[in-house]
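# Commentary on secondary and tertiary structure
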Amino acid sequence: MSSNETAGGPSDVTSAADFNEGATPFDAVTRAEAREIIARYPDGRARSALLPMLHLVQSIEGYVSPRGVEFCATMLGLTRAEVGAVVTFYTMYKRKPAGEFLVSVCTNTLCALLGGDEIYAALSERLGVAHNETTDDGSITLEHAECLAACDYAPVVMVNYEFFDQQTVASAAELVDELRAGRRPEPTRGAPLCTFRSVERQLAGFVRPDDDALHSGPAGEPTLVGVRLAAELGQAAPGYDPATPIPSVPPKNSARKKS
Ligand code: FES
């Protein structure tokens with residue numbers, strides 16, 4: 001093992017004994033893409049490439065398999081235990097093959113109160129799967145998620161990380177029925193739906209300039225309500241760019257002293 005590898009540097013995996021075609025799905029193209037990811041980080045910081053590398057693995061296998069762990073470990077000069085610790089920490093890394101569509105139902109407090117728990121229970125029964133399980137036809141993996149960062153649109157469901165806002169039991173059931181019928185319903189906002197493996201490739205940082213993934217719509221009304229309220233109250237996050245539409249003026253009736 002080279003000193004570069006022991007220091008956490010990238011490994012130039014090129015020997016036939018390594019990840020050659022037939023032995024694993026990580027062929028020369030994948031190895032080149034892995035090196036492209038590693039090159040995004042400063043010298044000696046190859047291990048920082050692990051998160052996008054794991055998404056690259058998922059784009060090929062649909063999950064992080066033991067050989068995917070080994071691939072990342074070898075390329076990055078890490079131990080398999082170190083890679084495994086990351087894989088098991090983050091919920092976006094799947095340890096069993098995911099379906100074509102990952103359906104995430106938010107069951108955190110706000111969504112749960114507004115119907116998220118009922119939506120999750122209904123989808124689980126309809127699909128015949130529990131958390132992180134995949135339907136027999138391989139079309140849908142169901143998971144419950146802890147806040148999808150869209151509380152203003154609660155209760156929310158995501159499909160392959162695209163938002164379907166303000167869902168009901170009925171609309172969520174219709175959504176999964178459409179997916180299982182081979183159709184791709186349009187998300188409420190953001191990019192059009194693509195497959196799980198395709199979105200994983202985007203998360204690895206491989207997005208073409210003409211990809212639909214780059215398209216997103218304007219902020220929606222529930223978000224703007226919050227922005228307007230903040231402006232009215234003169235609230236802004238510390239260090240927020242003063243050129244933004246949220247003015248840093250004291251709120252009416254504020255007890256704050258003028259500086
Ligand atoms: S609680 Fe569901 S998006 Fe935040």
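Details of the structure are given in the entry above.
Bear in mind that the values here come from a model prediction, so they are computed numbers and not experimental data.

Further remarks concern the environment of Asp-152. For Asp-152, the position within the fold is in the loop between strand S3 (140-145) and strand S4 (157-159). Taking the C-alpha atoms as reference, Asp-152 lies 9.5 Å from Gly-220; in sequence the two are 68 residues apart. Among residues more than four places away in sequence, those in contact with Asp-152 are Pro-222, Thr-223 and Gly-226.

Another aspect to go through is the sheet that holds S4. Strand order across the open sheet formed by 5 strands is S2-S3-S1-S4-S5, with mixed pairing between neighbours. One side of each edge strand has no neighbouring strand; the edge strands of this open sheet are strand S2 (133-134) and strand S5 (162-164). Pairing geometry for S2 and S3, over 2 bridges, is antiparallel. By the bridge assignment for S3, Glu-133 is matched with Leu-142.

It is worth spelling out the packing of helix H2 (residues 28-38) against helix H3 (residues 50-61) at this point. The interhelical angle for the contact between H2 and H3, taken along N-to-C directions, is 155°, at an axis separation of 10 Å. Judged by the angle between their axes, H2 and H3 are roughly antiparallel. Our pair here, H2 against H3, has a crossing hand that is right-handed. Between H2 and H3, the residues in contact are Thr-30, Glu-33, Ala-34 and Ile-37 and Pro-52, Met-53, Leu-56 and Ile-60, respectively.

A word on the environment of Glu-143. When you line up the elements, Glu-143 lands in strand S3. Judged by local crowding, Glu-143 falls into the buried class, with 20 C-beta atoms found within 10 Å. Separated by 19 residues in the primary sequence, Glu-143 and Ser-124 place their C-alpha atoms 9.0 Å from one another. Leaving out residues up to four positions away in the same chain, Glu-143 has contacts with Leu-102, Ser-104, His-131 and Asn-132.

This brings us to the nonpolar core. Grouped together as the largest cluster of nonpolar side chains are 32 residues, with contacts concentrated most on Val-103, Val-105, Leu-123, Val-156, Val-157, Val-159 and Val-176. Of all the secondary structure elements, the ones that give two or more residues to this core are strand S1 (101-106), helix H6 (109-127), S3, S4, helix H7 (169-180) and helix H8 (196-203). Dropping the residues within four chain positions of it, Val-105 is found in contact with Gly-116, Ile-119, Tyr-120, Leu-123, His-144, Ala-145 and Val-157. Of all hydrophobic cores here, the second largest spans 23 residues; its members include Leu-54, Ile-60, Val-69 and Ala-204.

Moving on to H7. For H7, built from 12 residues, the straight-helix expectation of 16 Å at 1.5 Å per residue is met to within 8% by its first-to-last C-alpha distance of 17 Å. Ala-172, Leu-175, Val-176 and Leu-179 are the residues of H7 that are buried. Buried residues in H7, looked at end-on, bunch into an arc of 90°, giving them a common side. Where H7 is buried, its residues meet S1, H6, S3, S4 and S5. Backbone geometry just after H7 places Gly-182 at a positive phi near 90°.

Where H3 meets H8, the closest approach of the two axes is 8 Å, and the angle between their N-to-C directions is 155°. As far as their axial angle goes, H8 and H3 are roughly antiparallel. Remark: the crossing between H3 and H8 carries left-handed chirality. Of the residues in H8, those in contact with Pro-52, His-55, Gln-58 and Ser-59 of H3 are Arg-197, Glu-200, Arg-201 and Leu-203. Its residues assigned to classes, the contact of H3 with H8 shows 2 nonpolar, 3 polar and 3 charged.

Right, let's get into helix H4 (residues 66-76). Considered for burial, the residues of H4 that qualify are Gly-68, Val-69, Phe-71, Cys-72, Thr-74, Met-75 and Leu-76. On its buried side, H4 packs onto H2, H3 and helix H5 (80-89). Backbone geometry just after H4 places Gly-77 at a positive phi near 70°.

What follows deals with the pairing of S3. The element S3 is largely enclosed, with a buried count of 6 among its 6 residues. The alternating pattern of S3 places Ile-140, Leu-142 and His-144 and Thr-141, Glu-143 and Ala-145 on opposite faces, both of which are buried. The pairing of S1 with S3 spans 6 bridges and is parallel. Within S3, the residue paired with Phe-101 across the bridge is Ile-140.

Here Glu-100 shows up in the loop between H5 and S1. Classification of Glu-100 as buried rests on a count of 22 C-beta atoms within 10 Å. The spatial distance from the C-alpha of Glu-100 to the C-alpha of Asp-137 is 9.7 Å, given a sequence separation of 37 residues. Beyond its immediate sequence surroundings of up to four residues, Glu-100 is in contact with Gly-138, Ser-139, Thr-195 and Phe-196.

About the criteria used
- Residues numbered from 1 in each chain as written.
- Predicted model: local features only at pLDDT ≥ 70, side-chain atom pairs only at ≥ 80, totals over all residues.
- Helix = DSSP H or I, 4+ residues; strand = E, 2+ residues; numbered from the N terminus.
- Contact = placed C-beta atoms within 7 Å.
- Pairing = 2+ DSSP bridges.
- Axes fitted to C-alpha atoms, helices over the stretch in contact; angles between N-to-C directions.
- Parallel < 35°, antiparallel > 145°, perpendicular 65-115°, else oblique.
- Left-handed = near helix turned anticlockwise from the far one by under 90°.
- Buried ≥ 20, exposed ≤ 12 C-beta atoms within 10 Å, placed from the backbone.
- Core = buried A, V, L, I, M, F, W, Y, C linked by C-beta atoms within 7 Å.
- Expected span 1.5 Å × (residues − 1).
- Arc of directions from axis to C-beta.
- Nonpolar A, V, L, I, M, F, W, Y, C, P; charged D, E, K, R; others polar.

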